[in-house]
Amino acid sequence: MTSPDWTGAIERARKHAPFLAKAIENLPDLTDLLAAGESGKALETAKGAGNDTEDVGIALRREKRALALTLAIGDLAGAFPLLEITRELSAFADRALDAAIANAIRRRVPDTEPAGFLALALGKHGAGELNFSSDIDPILLYDPDTLPRRDRDDPGEAAQRVARTLVETMANVTDEGYVFRVDLRLRPASEVSPLAISVDAAMTHYESSALAWERAAFIRARACAGDIAAGEAFLAAIRPFIWRKSLDFGAIAEVGRLTSQIRSNSKAARLVGPGFDLKRGRGGIREIEFYAQTHQLIHGGRNPALRLRGTRATLDALAAAGLIPEDDARLLGESYDRLRTIEHRLQMVADQQTHSLPRDWAALDSVAMLDGLPDSAALVEELTEITEAVGQRYDALIAASSGSPPGEGAPFPVEGEALVGELTHLGFAEPEAFAQRIAGWRSGKLRALRSDAARAAFEAIQPDLLTAFAHSPEPERALLRWEQLLANLPSAINLFHLLEARPGLLELLARVLSLAPPLADELARRADLLDPLIDASAFDLPGDVASLVGDFSRFEAGDAYEDILDTVRRKVGELRFALGVQLIEGSTDPLAVSAALARIAEAAITVLSNATIAEFEKIHGRIGGSELVILGLGRMGGGALTHASDLDLVFLFTGEHGAESDGARPLGATLYFNRLSQRITAALSVPTAEGALYEVDTRLRPSGEQGLPAASFESFERYQKEQAWTWEHMALTRARPLFGSDEARAALQGVVTEVLTSRRDADKLQTDVLDMRATMAEHKPPKGPLDAKLARGGLVDLEFLVHFLQLREEKGLTHHLGDAIRALVAEGLLPEGLIAAHDVMTSLLVAARLLAPDAQIPPPAARHVLAKACGCGDWEQVLPNLEAARSDVVSAWAEAFGQTLEVTS
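First, a word on what this report is: a plain description of the structure on this page. (Residues numbered from 1 in each chain as written. Predicted model: local features only at pLDDT ≥ 70, side-chain atom pairs only at ≥ 80, totals over all residues. Heavy atoms only, no water.)

## Notes on the overall build of the chain
Assigned secondary structure in the chain consists of 39 helices and eleven strands. Summarising its shape, the C-alpha atoms of the chain cover approximately 100 × 80 × 55 Å along the three principal directions. Put simply, the chain has 905 residues, and 54% of those count as buried. Relative to all contacts within the chain whose residues are 6 or more apart in sequence, the contacts with residues 24 or more apart total 72%. Within the chain, one finds 94 positive and 130 negative side-chain charges whose respective centroids are separated by 1 Å. (Helix = DSSP H or I, 4+ residues; strand = E, 2+ residues; numbered from the N terminus. Buried < 20%, exposed > 50% of the residue type's maximum accessible area, 1.4 Å probe, protein only. Contact = heavy atoms within 4.5 Å. Lys, Arg positive; Asp, Glu negative; His and termini not counted. Charge placed at Lys NZ, Arg CZ, Asp CG, Glu CD.)

In structure tokens form, the structure reads like this:
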């Protein structure tokens, strides 16, 4: 064994790795120890590098920097084997998480003993195999009974504070650098769940709702920080979820599909050379890991000796058990070590989490020489040989695992007379006709069922699916909408697998299809909207706007602008769909759903506006002293949307008209903000690969459709004070600044308040209000008996009445209609009964947008659900309650205006 070359390692690091060169310059004493070959003392010194400060974040960053230098130089010198390096990095991640948890708890509750909060390490961290520049993927859990908190803090809120502070401590980039990038997306239902999850909620998820990939993720899980004992107890409790006695061939086939997807979607070079991805490419690091984990999924439930975390240890155990050839285990293990070593070289250059060879040959030469090779050609030749050997073995594994288990064929399809008999038994009204339709699905009529795999997957769920439809409120309607759903999907095999794995979703799907046409239409466009419903948290209301903005802003590194648009559409669509399901399940008050829809829209506006501005500034730059401000009106301004609401927005800007942007293609202020507002409108409304988002209505801007898309504050204020019509001031009563700096929004709110509280002629105001309502009633009659909005005495009349009193009395000036009514009642200006009238009609409006979108009386089953959503004992109460609410509005209208409304049932 050759002696470590410390001098050569330091020289190569200085020459070929800028990140290490800077660390060498900044840490001369540590470098001297390394140059002298005192590796043990250097490691000890590195681990104590943060001892000179009590600030946890600074201490960890200093230790990270010193440890990175020590391990990198030791690696390059040949003094530290790969497993020692990855073990030290993983141990540091454990220490860092533990310190960050304790710090986060004590920051909120000083002088307490940390307890009730733990981190589970997954992936390479769990296996003790962290990269030189890895992120970490912990799952954060808490015990609400033992987590220290202030008396006024809810346990869940306290846990989220700990999680947020922990992430800030670890991941924020400061002058001292960062500790680790933290990715929490492996937690249960990460799209909708909080950052930290209670132990009981996590237990429920993994016992009943988790997907196949989560099983694979937990193969390498371990308790790493915080309450270690509680973490180990949790992992022991979910062991049956991870290690199942039966063989899950569907999960194994999924590994093969995932591999194909990774290979086909990879933007990296396909062949070894510049741009090749050592992790995701064919024959790369991930395929070796998948090779080991696939065998663990097959056999680990029956053979506890295979339940190991480390990749090399697993390969050795598989060979010892006779499950793979010893030569293959040795080749894959040695290949894994070498690929990981080269991966480290790539990351040493600039401390970036990269796995791809540089696209520039000169940079690739530099990486090769950092490794001690003569040039890039030698590196490419070596990697080509390794990846080809690994790829051949992995391809053979996937090919062998893709079929059915020996002796088992696909399920025998129920068809012909047997299917007619089954449908008859289930109670379908026209079993022969429906049997013929179902037979047509499998005949190639539907794209989603043309492949053998798709038909086999469908036949596996067909009995349970038909049973669920038979038990749904409207069986025939559910089956016909299912057919429409399949007709719209290019592929449905993932949907079939999901329904097979989560049979509880079948009943919910049947209810959606039979009761709510708008939700059924959404599902026909995006079957994956069902995915988040596997977790119980999907039936919780979304958080506040700030938390939603944070959730919508979790983009992948390197995401393009179009990817951001898709991400927001996907997340908004899932939340809106989940809220719709809550409505038809009767689990959530329609008023709460309405407010949640508005929060979601506001968060989407914030995230997409920021993204669009950033994209716009790349070309046109910024205008100093100016910014865009978005004002919400109508239901958006009032914070109470339905599933069918559009967004009434007005775009404004601060600063001077004559200013000019400082970009490569400068624009004057007016043109700049008008183009920017059009881009944001498109970001919110134009369909992408993930579908549409919102309809945006900007006709309430100054001068309406004749006006420019964006107006300056000055011109907006002048227009509102000098030219605006009464109806525009009525619209302004529900105005709410949605986007912009705190200062700009406060200034805009000041303008709105000043306009609304200006003196006005009460008689002219009344005349204008009555004329406008009469014109509207003439041109927009109610659509049906359930039209709580347009029917006389409905919500529009209530809005006109409220806005009239707000402007006349200068009281109750709040954007939320319900709150405005309460304020006017408190002033003695409206009867108290209008509070309930508003709630009754708004609840009906929100629920009917899904259950009776045409405002007509829905089928019997939907009537029951609609009644439940509106808080009625049965359908017989719905119309009388609506009539009573309208009657209260009619009476108040007569009192205020001396006019009797003509009300029809």
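## Side note on unusual backbone geometry
Of note in the backbone geometry, Asp-111 takes a positive phi value of approximately 60° without being a glycine. Tracing the backbone through its elements, the reader meets Asp-111 in the loop between α6 (82-108) and β1 (117-121). By relative accessible area, which is 82% here, Asp-111 ends up exposed. A positive phi angle, near 60°, is found at Glu-810, a position not held by glycine.

## Considering the packing of aromatic side chains
The full count for this structure, using the stated rule, is 15 aromatic pairs. Members of the aromatic cluster, each reached through a chain of ring pairs, are Trp-441, Phe-458, Phe-469, Trp-482 and Phe-496. Taking the ring centre of Phe-800 as reference, the NZ or CZ of Arg-773 above it sits at 5.9 Å. (Phe/Tyr/Trp six-rings, centres within 6.5 Å; stacked < 30°, edge-to-face > 60°. Lys NZ or Arg CZ within 6 Å of the ring centre and 35° of its normal.)

## Quick notes on the pattern of salt bridges
With the rule as written, the count across this model stands at 46 salt bridges. Here Asp-153 makes a salt bridge to Arg-108, at a shortest N to O gap of 2.9 Å. Taken together, the positions of Asp-153 in the loop between β3 (139-142) and α8 (155-171) and Arg-108 in helix α6 put the pair 45 residues apart, joining distant regions of the chain. We note a salt bridge from Arg-773 to Asp-797, for which the minimum N-O separation is 2.5 Å. One end of the pair, Arg-773, is in helix α34 (residues 762-779); the other, Asp-797, is in helix α35 (residues 795-809), with 24 residues separating them in the sequence. Across this residue pair, the class does not change: Arg-773 and Asp-797 are buried. Connected via shared salt-bridge partners are Asp-75, Arg-338, Arg-345, Asp-371 and Glu-382. (Salt bridge = Lys/Arg side-chain N within 4 Å of Asp/Glu carboxyl O.)

## Regarding helix α9 (residues 199-208)
At 3.6 residues per turn, the α-helix brings residues three or four places apart onto the same side. Along α9, the positions that sit buried rather than exposed are Val-199, Ala-202, Met-203, His-205 and Tyr-206. The arc enclosing the buried residues of α9, seen along the axis, measures out at 160°, which places them on a common side. In α9, the exposed residues that point more than 90 degrees away from the buried face are Asp-200 and Glu-207. (Arc of directions from axis to C-beta.)

## Things to note about the pairing of β1
Among the five residues in β1, five count as buried, and that is most of the element. Of the two faces of β1, both are covered, the one formed by Phe-117, Ala-119 and Ala-121 as well as the one formed by Leu-118 and Leu-120. Sheet analysis places β1 next to β3, joined by four bridges and oriented antiparallel. Note that in β3 the partner of Leu-120 across the bridge is Ile-139. The pairing of β1 with strand β6 (residues 222-226) spans four bridges and is antiparallel. When the bridges of β6 are listed, Ala-121 appears paired with Arg-222. (Pairing = 2+ DSSP bridges.)

## Notes on the packing of helix α27 (residues 561-585) against helix α28 (residues 590-620)
Two numbers describe a pair of packed helices, the interaxial angle and the distance between the axes. Between α27 and α28, the shortest axis-to-axis distance is 11 Å and the interhelical angle comes to 180°. When the axes of α27 and α28 are compared, the pair comes out roughly antiparallel. Two secondary-structure elements touch here, α27 through Tyr-561, Ile-564, Leu-565, Val-568, Arg-569, Val-572, Leu-575, Arg-576, Leu-579 and Leu-583 and α28 through Pro-590, Val-593, Ala-596, Leu-597, Ile-600, Ala-604, Val-607, Leu-608, Ala-611, Thr-612 and Glu-615. (Axes fitted to C-alpha atoms, helices over the stretch in contact; angles between N-to-C directions. Parallel < 35°, antiparallel > 145°, perpendicular 65-115°, else oblique.)

## Some points on the pairing of strand β7 (residues 628-633)
Extensive coverage of β7 is indicated by the burial of six of its six residues. Taking every second residue as pointing to the same face, both faces of β7 are buried, with Leu-628, Ile-630 and Gly-632 on one and Val-629, Leu-631 and Leu-633 on the other. When β7 meets strand β8 (residues 647-653), the two strands line up antiparallel, connected through six bridges. Bridge pairing links Ile-630 to Phe-651 in β8. One ladder, built from three bridges, connects β7 with strand β11 (residues 736-739); its direction is antiparallel. Note that in β11 the partner of Ile-630 across the bridge is Phe-739.

## So, the packing of helix α24 (residues 504-515) against helix α25 (residues 517-525)
Closest axis-to-axis distance for the α24/α25 pair is 6 Å, and the angle between their directions is 120°. Residues Leu-509, Val-512, Leu-513 and Leu-515 of α24 form the contact with α25, whose participating residues are Pro-517, Leu-519, Ala-520 and Leu-523. When its residues are assigned to classes, the contact of α24 with α25 shows eight nonpolar, no polar and no charged. (Nonpolar A, V, L, I, M, F, W, Y, C, P; charged D, E, K, R; others polar.)

## A look at the environment of Phe-234
Along the chain, the position of Phe-234 falls in helix α11 (residues 228-237). The class for Phe-234 is buried, based on a relative accessible area of 2%. Placed 61 residues apart in sequence, Phe-234 and His-295 show a C-alpha to C-alpha distance of 24 Å. Look past the residues within four positions of Phe-234 in its chain and what remains in contact with it is Leu-120, Leu-141, Val-199, Ala-202, Met-203, Tyr-206 and Phe-218.

## Describing the side chain of Ser-677
For Ser-677, the position within the fold is in helix α30 (residues 669-685). In this structure Ser-677 touches Phe-651, Pro-709 and Ala-710, once residues within four positions along its chain are discounted.

## Re the environment of Pro-18
Summarising the element assignment, Pro-18 is placed in helix α2 (residues 18-26). The sequence separation of Pro-18 and Glu-810 amounts to 792 residues, and the corresponding C-alpha distance is 65 Å.

## Let's talk about the nonpolar core
Counting residues in hydrophobic clusters, the biggest one holds 168 residues, and the most contacted among them are Trp-482 and Leu-649. Core analysis: the next-biggest nonpolar cluster, separate from the first, contains 61 residues, Ala-9, Leu-27, Leu-97 and Tyr-142 among them. (Core = buried A, V, L, I, M, F, W, Y, C linked by side-chain atoms within 4.5 Å.)

## A closer look at the sheet that holds β6
Taken in spatial order, the four strands make up an open sheet running β5-β3-β1-β6, and their pairing is mixed. A strand with exactly one partner marks an edge of an open sheet, and here the two such strands are β5 (196-198) and β6. On average, adjacent strands in this sheet sit at an angle of 35° to one another, irrespective of strand direction. Here α8 sits on the sheet in contact with β1, β3 and β5, set at roughly 145° to β3. Running at roughly 155° to β6, α11 makes contact with β1, β3 and β6 of the sheet.

## A word on helix α39 (residues 878-897)
Helix length check: α39, at 20 residues, gives a terminal C-alpha distance of 28 Å against a target of 28 Å (1.5 Å per residue), a fit within 8%. Regarding α39, the residues found buried are Val-878, Leu-882, Ala-885, Arg-886, Val-889, Val-890, Ala-892, Trp-893 and Phe-897. Buried residues belonging to α39 abut α34, α35, α37 (833-851) and α38 (860-869). Taken from the residues just after α39, Gly-898 is the one with a positive phi, measuring 65°. (Expected span 1.5 Å × (residues − 1).)

## Regarding the side chain of Arg-61
With respect to the secondary-structure elements, Arg-61 resides in helix α5 (residues 56-77). Buried charge without a salt bridge: Arg-61, with Asp-55 as the nearest opposite-charge side chain at an N-O distance of 6.3 Å. Polar side-chain contacts of Arg-61 include one of 2.5 Å to the backbone oxygen of Asn-172. With near-sequence residues (within four places) excluded, Arg-61 lies in contact with Glu-168, Thr-169, Met-170, Ala-171, Asn-172, Thr-174, Glu-176, Gly-177, Tyr-178 and Val-179. (Polar contact = N/O pair within 3.5 Å; in protein donor to acceptor, adjacent residues only side chain to side chain.)

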